[in-house]
Each structure stands twice: as structure tokens, then as C-alpha cells.
Amino acid sequence: LTDSGEPESAGVAAPAIPEPDFAYHIVTDGTCVSHGMTDILDVDECRLLMNDGYYDTRDQDSDGVLDAYQDYPIAVVDGAPPGCWPVEPDAPGFENLTFPFACITPLETAVGNCSTFLPCFCRLPEYEIVKTGTCVSAGYTDILDVDLCRAVMDDGYYSTRDQDN
């Protein structure tokens, strides 16, 4: 293993963890849709997000290898929040699982909201920064949800600024 927890084979470090080609945000209340975002329902996209924004810093099975470098299961689970979500080791009802572990809940069987124990990974909608007039006058829709506004600002506006340096 390298010092960062990446697996090492014959002195060659593991490849970098791939990054998604779309913006996403983690929601811990409500659902992706209730915040104006889209649920992630594809296993490959879910794994990509888990590895990029969650399992890239965790070693939940304490084997010395970051979870992002393991072939962990992504189960389809009914009766939970919709979309893609990791399972926290202390999550009620999941105490006896081997970690790491992630789930996708299909929309037709989803129940409940995202939470700190079941945080949902959501795709941000495409957006534009309008500099003249209003969003509506430029042909766009206003962003009125606080979480969606914060996610979009973090992704595309504040990601390159340090205004309180």
C-alpha cells in the first residue's frame, strides 16, 4: 500500500480514481428531486460518484485499502430514499453488513428522504450564469431552492474564488 492507502503492485501505484464528467451534490434531507436535482439510478454512475466523493477517503473495513479501490457491492434496495446512496456503518437496519456498501433505490419503490445516515448523491441540472437581465428574461428558470443554489454556486461560481482571504 502507498502512504495514501492506495493499493500498490510491484512498486507501481494504483491509477487515479476517475472523476465524473457531470456535477453532483450530496443531499441529507428531502430527496434529489425535491431540491431540483436528478436521482442517480445507474450503477456505473453511482460507483463513479461513490469513489469520487465518498469512498476516496474511507477505509470502512480497516484493511488498509481505501474503499474506492475495492469492488464493493451496489445493491438495489426497495423502501429507502430514491437514487444512489452509500451506507454508513451506523445506519439503522444496516448494522450487520460488510463495508463498504452502497445502494440504489428505484423510483417506483422508494420511500422516505435522504438523511445523514443515508445521504443521496444527486446530479445537478445544467445551468448558466446570467450576467444581464434575469434568468427568466434570458430563457432560463430561477433557482429558488437553497440547497440547489448552494450546490450550483459551489460547483460553478465559488469553486474558483476565495472572497474572504
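Everything here concerns the structure above.
A short tour of the structure in this document, coming up.

Rules of the game
Residues numbered from 1 in each chain as written. Predicted model: local features only at pLDDT ≥ 70, side-chain atom pairs only at ≥ 80, totals over all residues. Heavy atoms only, no water. Helix = DSSP H or I, 4+ residues; strand = E, 2+ residues; numbered from the N terminus. Buried < 20%, exposed > 50% of the residue type's maximum accessible area, 1.4 Å probe, protein only. Contact = heavy atoms within 4.5 Å. Areas by Shrake-Rupley, 256 points an atom, 1.4 Å probe, with all protein chains shown as cover. Phe/Tyr/Trp six-rings, centres within 6.5 Å; stacked < 30°, edge-to-face > 60°. Pairing = 2+ DSSP bridges. Core = buried A, V, L, I, M, F, W, Y, C linked by side-chain atoms within 4.5 Å. 1 Å grid on protein atoms, 1.4 Å probe; cavity = no way out; pocket = protein on both sides within 12 Å on 5 of 7 lines; lining within 4 Å. Points joined across faces, edges and corners; volume = space filled by probe spheres on them. Nonpolar A, V, L, I, M, F, W, Y, C, P; charged D, E, K, R; others polar. Disulfide = S-S within 2.5 Å.

A closer look at the overall build of the chain
In step 1: The number of helices and strands found in the chain is two helices and eight strands.
In step 2: For the chain, the sequential pattern of α-helices and β-strands runs β-β-β-β-α-β-β-β-β-α.
In step 3: When each of the 165 residues of the chain is scored for burial, the buried share is 36%.
In step 4: In the chain, 72% of the contacts between residues at least 6 apart in sequence involve partners at least 24 apart.
In step 5: Within the structure as shown, the chain displays about 9600 Å² of accessible surface, and the carbon and sulfur contribution to it stands at 50%.

A look at the packing of aromatic side chains
In step 1: If you walk through the whole model with that rule in mind, you get four aromatic pairs.
In step 2: Considering the side-chain rings of Y55 and Y72, the 4.8 Å spacing of their centres and the 65° angle between planes classify their relative orientation as edge-to-face. Residue Y55 is found in the loop between α1 (43-53) and β5 (74-76), and its partner Y72 is found in the loop between α1 and β5; the two are separated by 17 residues along the sequence.
In step 3: Looking at Y55, the relative accessible area reads 0%, which means it is buried.

Topic: the pairing of strand β3 (residues 24-27)
In step 1: Residues H25 and V27 of β3 are buried on one face, while the alternating residues Y24 and I26, pointing to the opposite face, are not.
In step 2: Pairing analysis gives four bridges linking β3 to strand β8 (residues 120-123), with the strands arranged antiparallel. Along β8, the bridge assignment pairs H25 with C122.

Re the nonpolar core
In step 1: The biggest cluster of nonpolar side chains holds 14 residues, and the ones touching the most others in it are C46, M50, Y55 and C84.
In step 2: Elements with a minimum of two residues in this core: α1 and β7 (102-105).
In step 3: Ranked by the residues each element gives to this core, the list is headed by α1, at three residues.
In step 4: Listed in part, the eleven residues of the second largest apolar core include A23, C120, L124 and A151.

Thoughts on the layout of surface pockets
In step 1: By volume, the largest pocket amounts to about 390 Å³.
In step 2: Taken together, the residues of the lining of the largest pocket sort by class into twelve nonpolar, one polar and three charged.

Here we look at the pairing of β7
In step 1: Burial along β7 is two-sided: A102 and I104 and C103 and T105, pointing in opposite directions, are all buried.
In step 2: Here β5 pairs with β7 via three bridges, running parallel. If you follow A75 over to β7, its bridge partner there is C103.
In step 3: Examined bridge by bridge, strand β6 (residues 83-86) and β7 share four bridges and lie antiparallel to one another. Its bridge partner being in β7, C84 is matched across the sheet by I104.

A look at unusual backbone geometry
In step 1: Backbone geometry places S62, a non-glycine residue, at a positive phi of 50°.
In step 2: Considering the arrangement of structural elements, one finds S62 in the loop between α1 and β5.

Some thoughts on the state of the cysteines
In step 1: Scanning the model with the defined rule gives three disulfides in all.
In step 2: One disulfide bridge connects C46 with C84, the sulfur atoms lying 2.1 Å from each other. Taking the sign of the S-S torsion, 75° for the link of C46 and C84, the bridge is right-handed. Of the two residues, C46 is situated in helix α1 and C84 in strand β6; the sequence distance between them amounts to 38 residues.
In step 3: Given a relative accessible area of 0%, C46 falls into the buried group.
In step 4: Sulfur-sulfur distance for the disulfide between C114 and C120 comes to 2.0 Å. With the S-S dihedral at roughly -100°, the linkage between C114 and C120 falls on the left-handed side. By the burial criterion, C114 is buried, and C120 matches it.
In step 5: Here C103 is not disulfide-linked; the sulfur of C46 is the nearest cysteine sulfur, at 8.3 Å.
In step 6: Summary of cysteine pairing: C135 is not part of a disulfide, and the nearest cysteine sulfur, belonging to C149, is at 9.9 Å.

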